Amino acid sequence: MSIFFKRRTILEAGLFHGLTDWHCHILPGVDDGFRSMDDSISALEQYAAHGVREVWLTPHVMEDVPNTTAALQDRFEELNTVWQGRGALTLHLAAEYMLDSLFESRLWDRDLLPLGSSGNHLLVETSYFNPPANLVSMLKAIQSAGYFPVLAHPERYMYMDMEDYSALIGSGVRMQLNIPSLTGMYGPEVQKKAFALLRKGYYDIAGSDLHRTGQLLRIAEDRCLARKMFKAVSDYDFLTTI
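Reading the values: rules and limits
- Residues numbered from 1 in each chain as written.
- Predicted model: local features only at pLDDT ≥ 70, side-chain atom pairs only at ≥ 80, totals over all residues.
- Heavy atoms only, no water.
- Helix = DSSP H or I, 4+ residues; strand = E, 2+ residues; numbered from the N terminus.
- Buried < 20%, exposed > 50% of the residue type's maximum accessible area, 1.4 Å probe, protein only.
- Contact = heavy atoms within 4.5 Å.
- Areas by Shrake-Rupley, 256 points an atom, 1.4 Å probe, with all protein chains shown as cover.
- Core = buried A, V, L, I, M, F, W, Y, C linked by side-chain atoms within 4.5 Å.
- Salt bridge = Lys/Arg side-chain N within 4 Å of Asp/Glu carboxyl O.
- Lys, Arg positive; Asp, Glu negative; His and termini not counted.
- Arc of directions from axis to C-beta.
- Expected span 1.5 Å × (residues − 1).
- Pairing = 2+ DSSP bridges.
- Axes fitted to C-alpha atoms, helices over the stretch in contact; angles between N-to-C directions.

Draft legend 1. Looking closely at the overall build of the protein. On a plain count of helices and strands, the protein comes out with nine helices and nine strands. Classification of the 242 residues of the protein by burial places 54% in the buried group. Partitioning the intrachain contacts of the protein with sequence separation of at least 6 by distance along the chain shows that 77% fall at a separation of at least 24. Working note: accessible area of the protein is about 10,800 Å², and carbon and sulfur atoms make up 51% of it.

Here it is in structure tokens:
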């Protein structure tokens, strides 16, 4: 059993029952996430065993990790073929796009892997420390192309404050919570911002951003953090589909 689901605190809370994980790096061997097919299958088996309903695999696409759409689709088919019959868990493929020059060319060519069953949401990110110079225009370009931009883990962007988030929400940008942010996994400032954004109702969807099972060891071992996270998530409604 993986560390992710090892402790009874996680099982007792029932957090994962019916969950859609909208953001993870479980697709093996394509970015800085899971490396092997066996590890990916093991993680998915634990997801299924504890009631997760759907998983969106969202590998990085950026200048430093220039995954092609075709290569990701091929790898996804390999994983999905191996997974079939192992559990009641549906897998989907999208991507997490860095807002850089590679993304601009992909958007221009419509060479994209959208998030959600509607096919009109794009999961995007920026550097944690500095925005792209043309952030606003890129977000508008996404909308002009017929997509809703979904900003991955906005609480982790150190250059943003609540005024920035409010402006983004007002412009039609949607936001995805990294559930581990609520535990302080990325530091107290990120945790504080995550709860503030929750209270504002700014998050539309939530995900694990899981790169490896050991990332959630701290949650599993610390009952206080686990209870706080579970209460925060259960107190707010997230979209179950987009």
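Picking up after the structure, the text goes on.
Draft legend 2. A look at the nonpolar core. Ranked by size, the top nonpolar core spans 65 residues in total, and within it V55, Y97, F103, L122 and I142 carry the most contacts. Ignoring sequence-local partners within four residues, the contact set of Y97 consists of V61, F103, R106, D111, L112, L113, L122, L123, V124 and E125.

Draft legend 3. Structural context of the pattern of salt bridges. In this structure the tally under the stated criterion is five salt bridges. Across the pair R86 and E45 runs a salt bridge whose closest N-O atoms are separated by 3.1 Å. Within this pair, whereas R86 is found in the loop between α3 (69-83) and β4 (90-93), its partner E45 is found in helix α2 (residues 37-49), the two being separated by 41 residues in sequence. Classification of R86 as partly exposed rests on a relative accessible area of 43%. On the basis of relative accessibility, which here comes to 31%, the residue E45 falls in the partly exposed class. The partner of E78 in a salt bridge is R75, and the shortest N-O contact between them spans 2.6 Å. Of the two residues, E78 and R75 are both situated in helix α3; the distance of three residues between them amounts to about one turn of the helix. Overall, E78 belongs to the partly exposed group, its relative accessible area being 39%.

Draft legend 4. Quick peek at the side chain of E125. Within the secondary structure, E125 sits in strand β6 (residues 121-125). The side chain of E125 is buried and forms no salt bridge, while R156, the nearest opposite charge, is found at 7.2 Å. Setting aside residues no more than four positions away along its own chain, E125 makes contact with H60, M62, E96, Y97, M98, L99, A152, H153 and Y157.

Draft legend 5. Seen up close, helix α4 (residues 101-109). When α4 is considered as a whole, its buried residues turn out to be L102, F103, R106 and L107. One side of α4 holds all its buried residues, which, seen down the axis, span an arc of 135 degrees. Relative to its buried face, α4 has exposed residues pointing more than 90 degrees away, namely W108 and D109. Taken together, the buried residues of α4 touch β3 (60-61), α3, β5 (96-98), β6 and α5 (135-144). Positive backbone phi, at 55 degrees, marks R110, one or two positions downstream of α4.

Draft legend 6. Seen up close, α3. Counted at 1.5 Å a residue, the expected span for α3 with its 15 residues is 21 Å, and the 21 Å between its end C-alpha atoms agrees. All of the buried residues in α3 are T69, L72, F76, L79, N80 and W83. The arc that holds every buried residue of α3, seen down its axis, measures 100 degrees, which confines them to one face. Away from its buried face, by an angle of more than 90 degrees, α3 presents the exposed residues D74 and T81. Its buried side turned inward, α3 meets α2, β2 (54-57), β3, β4 and α4. Taken from the residues just after α3, G85 is the one with a positive phi, measuring 85 degrees.

Draft legend 7. Spotlight on the sheet that holds β4. Sheet architecture is open: three strands sit in the order β1-β2-β4, paired in parallel fashion. Each edge of the sheet is formed by a strand with only one pairing partner; in this case those strands are β1 (20-24) and β4. Neighbour-to-neighbour, the strand axes of this sheet turn through a mean angle of 20 degrees, independent of strand direction. As defined by bridge partners, β2 adjoins β4 across four bridges and the pair is classed as parallel. Looking at the pairing, E54 lines up with T90 of β4.

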